[in-house]
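# Descriptive analysis of the structure
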Amino acid sequence: MKSILKNSWSSFGLAFIIMAIFLLFIVTLQGQHFLLFSLICLVASMLPFYWRFETRDIRAREIIFIAVLAAIAAVSRVPFAPLPSVQPTSFVIIVSALVLGPESGFIVGSTAAIVSNMFLGQGPWTPWQMFCWGMMGVTAGLIGRYKWAQNKYWLCVFGFVWGFLFGWIMNLWYVVAYVNPLTVKTFIAAYVASFYFDLAHALSNVFFLFLFYESWSRIIKRFKIKYGLLE
Amino acid sequence: MDVYGRSRQRSSRASGLKSQLVFDQLNPIVIFAYYVIVIAFSMVFIHPIFLLAELLVVIAVNFSAKQQKKTFATLQGALFMMVFIVVLNPIINNRGAHIIWMIGGTVITAEAVVYGLLMAISLAVLMLTFVSYNHSMTNHKFMYLFVRISPQLTLLTMITMRFVPLFIRRFTNIKNVQKTRGVQMETGKLRERAHAGMRLMEVLLTNSLVEALQTADSMTARGFGAQKRTSYQRYRFTQRDGWLLAGLVGISSFCFWQASHGVGRLPIYPVLGSVRLTATGWLCLWFVLIIDSLPLLLEGWEYLWWSLRK
């Protein structure tokens, strides 16, 4: 248990350091090549997690288990399409990550993003979505180790915060590239424009986590223990 | 979205049927390089002549692939962001010499308006390039690019991709069965519908996990992970691919090198410059257009060859 903790913390730390270095670049270049560096920053922070997954000796059961969770997260956008702005993809990723830990949480999140875009059409938003949902999995996996994370109310706060954070990161890709200069005012304008969507996302996260967290985490935990997966 | 509706039929995108266009039959590496370069061009050359020409070429490429409907739908979808960019730039940015309007404390300058418009066109080019990308770069080709770099992830993505239509079909079954018990998400309040939908997803989760883990066991029984996997490669790297890739990389690096010296970039701040291009500017424009219209040129070449040989 201790070695797992150490390893995932180290890849998390590595990702953070790489991000910090490139953010420093962005600040020192003062808006020049902002998009390029933010994309490099994005990819670099995801690489340690992918590398950890790639080099892991994984069994068929585990790979399929992760694939099912990612597919459920991707598919869950479909039946909810008639309900405006309500979709449980984030909820599925958060619950899976809470049970399985940060690394598998990252893989579930980013795979769900890329696969759902394979059916809905890829776009410049794909890497950002992979990053957002992946990091949602990472953070959920990290807090999943603490006792207080089992408290439903704290989880709802977590889901609410991520609902907004998700929208804010997703705004970056076109604001950073197409609006000049980048000041606090620019970002506030973009965030005001997307406020309704972010609020809907945050509230639906709270709704799903409040009502379904227990039953879903019980199901996933049961399969994890029964088949001895990802330990 | 229409892919979800007819899950029984396989769409040509999903099944990897061969396209009729020459460009779609190139090696995925060349196709990917083409899109990376086209997107980079649309961001590097911020100049009205460059951007308008690129926009026309991208629309022509989309039309040649019979993507008229998608082209207009995408433009409509991007309209919100384009308006946002056009409106926000002048409000945020007060730099520039030509003042056209003053409201309260905000100064609207001609420079910022021009910049906003150029950026909106650049965004339109980007969005339309992705229409073409989604048509030419099928999921199989995308997987091919990454299978060498990370086989494990590609396998995971492939399995997940296969699960999506399967789960949608399964979900329809579950929905019909649960309807007889009164669990349905067609009518009722938003809260009730979301609640019912989630209960259906829960059934899908349990059902799919049981079945999928059985599949996994059968994979193990057939020797998954016993030794290094071999793989079948669908795409070959021909001589034509080699030449095209070399041309793409060579010409585009010349253009990027020129761009880093300020060629093809309209001087906007502090004072709006003239639109006129220098001799190297025109050269760069021609190179950019030749690369952007690569699918059209290949198609035209093939057509000429065919009609001359007859």
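Everything numeric in this text was worked out from a predicted model, so none of it was measured. (Residues numbered from 1 in each chain as written. Chains lettered and ligands numbered in written order. Predicted model: local features only at pLDDT ≥ 70, side-chain atom pairs only at ≥ 80, totals over all residues.)

A few words on the overall build of chain A. Assigned secondary structure in chain A consists of 9 helices and 0 strands. Sequence-ordered secondary structure for chain A, helices as α and strands as β, is α-α-α-α-α-α-α-α-α. Its C-alpha atoms give chain A a radius of gyration of 18 Å, within 12% of the compact-globule value 17 Å for 231 residues. Counting only residues that meet the buried cut, chain A has 47% of its 231 residues in that class. By sequence separation, contacts in chain A at least 24 residues apart represent 73% of the contacts at least 6 residues apart. (Helix = DSSP H or I, 4+ residues; strand = E, 2+ residues; numbered from the N terminus. Rg over C-alpha atoms; globule rule 2.2 N^0.38 Å. Buried ≥ 20, exposed ≤ 12 C-beta atoms within 10 Å, placed from the backbone. Contact = placed C-beta atoms within 7 Å.)

Helices and strands together make up the secondary structure of chain B, namely 12 helices and 2 strands. For chain B, the N- to C-terminal ordering of α and β elements is α-α-α-α-α-β-β-α-α-α-α-α-α-α. For 310 residues, the compact-globule formula gives about 19 Å, and the C-alpha radius of gyration of chain B, at 25 Å, lies well above that figure. Every one of the 310 residues in chain B was classed for burial, and the buried ones make up 32%. Long-range contacts, defined as pairs at least 24 residues apart, comprise 76% of the intrachain contacts of chain B with a sequence gap of at least 6.

The domain architecture assigned to chain B consists of domain 1 (20-140 + 246-309) and domain 2 (144-220). Centre-to-centre separation of domain 1 of chain B and domain 2 of chain B, based on C-alpha positions: 39 Å. (Domains from an automatic or database assignment.)

Residues other than glycine seldom take positive phi values, yet Lys66(B) does so here, at roughly 60°. Position of Lys66(B) relative to the elements: it lies in the loop between helix H4 (48-64) and helix H5 (68-92).

In this section: the nonpolar core. In terms of nonpolar packing, the biggest core is built from 134 residues, with Ala67(A), Val68(A), Ala70(A), Ala71(A), Ile72(A) and Leu123(B) touching the most fellow members. Of all the elements, helix H6 (residues 110-136) of chain B adds the most residues to this core, at 15 residues. Looking at which domains feed residues into this core, each of domain 1 (20-140 + 246-309) and domain 2 (144-220) of chain B gives three or more. With residues near it in sequence (within four places) discarded, Leu123(B) still touches Tyr174(A), Tyr178(A), Ala78(B), Met81(B), Met82(B) and Ile85(B). (Core = buried A, V, L, I, M, F, W, Y, C linked by C-beta atoms within 7 Å.)

Residues and elements named next belong to chain B. Running from amino to carboxyl end, helix H7 (residues 139-147) crosses helix H8 (residues 151-179) at an angle of 160°, the nearest separation of the two axes being 8 Å. For the element pair H7 / H8, the angle class is roughly antiparallel. Every pair of crossing elements has a handedness; the one defined by H7 and H8 is left-handed. On H8, the residues that touch Asn139, Met143, Phe146 and Val147 of H7 are Pro151, Leu153, Thr154, Thr157, Met158 and Met161. For the contact of H7 with H8, the class distribution of residues is 7 nonpolar, 3 polar and no charged. (Axes fitted to C-alpha atoms, helices over the stretch in contact; angles between N-to-C directions. Parallel < 35°, antiparallel > 145°, perpendicular 65-115°, else oblique. Left-handed = near helix turned anticlockwise from the far one by under 90°. Nonpolar A, V, L, I, M, F, W, Y, C, P; charged D, E, K, R; others polar.)

With respect to the secondary-structure elements, Met46(A) resides in helix H2 (residues 34-55). What Met46(A) contacts, discounting residues up to four positions off in sequence, is Ser110(A), Met130(A), Phe131(A) and Gly134(A).

What follows covers helix H7 (residues 152-178) of chain A. With 27 residues, H7(A) extends 40 Å between its outermost C-alpha atoms, agreeing within 8% with the 39 Å of an ideal straight helix rising 1.5 Å per residue. The sharpest bend along H7(A) measures roughly 35° and falls at Leu172(A). (Expected span 1.5 Å × (residues − 1). Bend = angle between axes of the 7 residues up to and from the residue.)

Turning next to the interface of chain A and chain B. Tallying the contact residues gives 55 residues for chain A and 57 residues for chain B. The set of elements that each furnish at least two residues to the side of chain A that touches chain B consists of H2, helix H3 (60-75), helix H5 (102-120), H7, helix H8 (184-193) and helix H9 (195-227) of chain A. No other element matches H3(A), which puts 12 residues into the side of chain A that touches chain B. Class assignment for the residues of the side of chain A that touches chain B results in 42 nonpolar, 9 polar and 4 charged.

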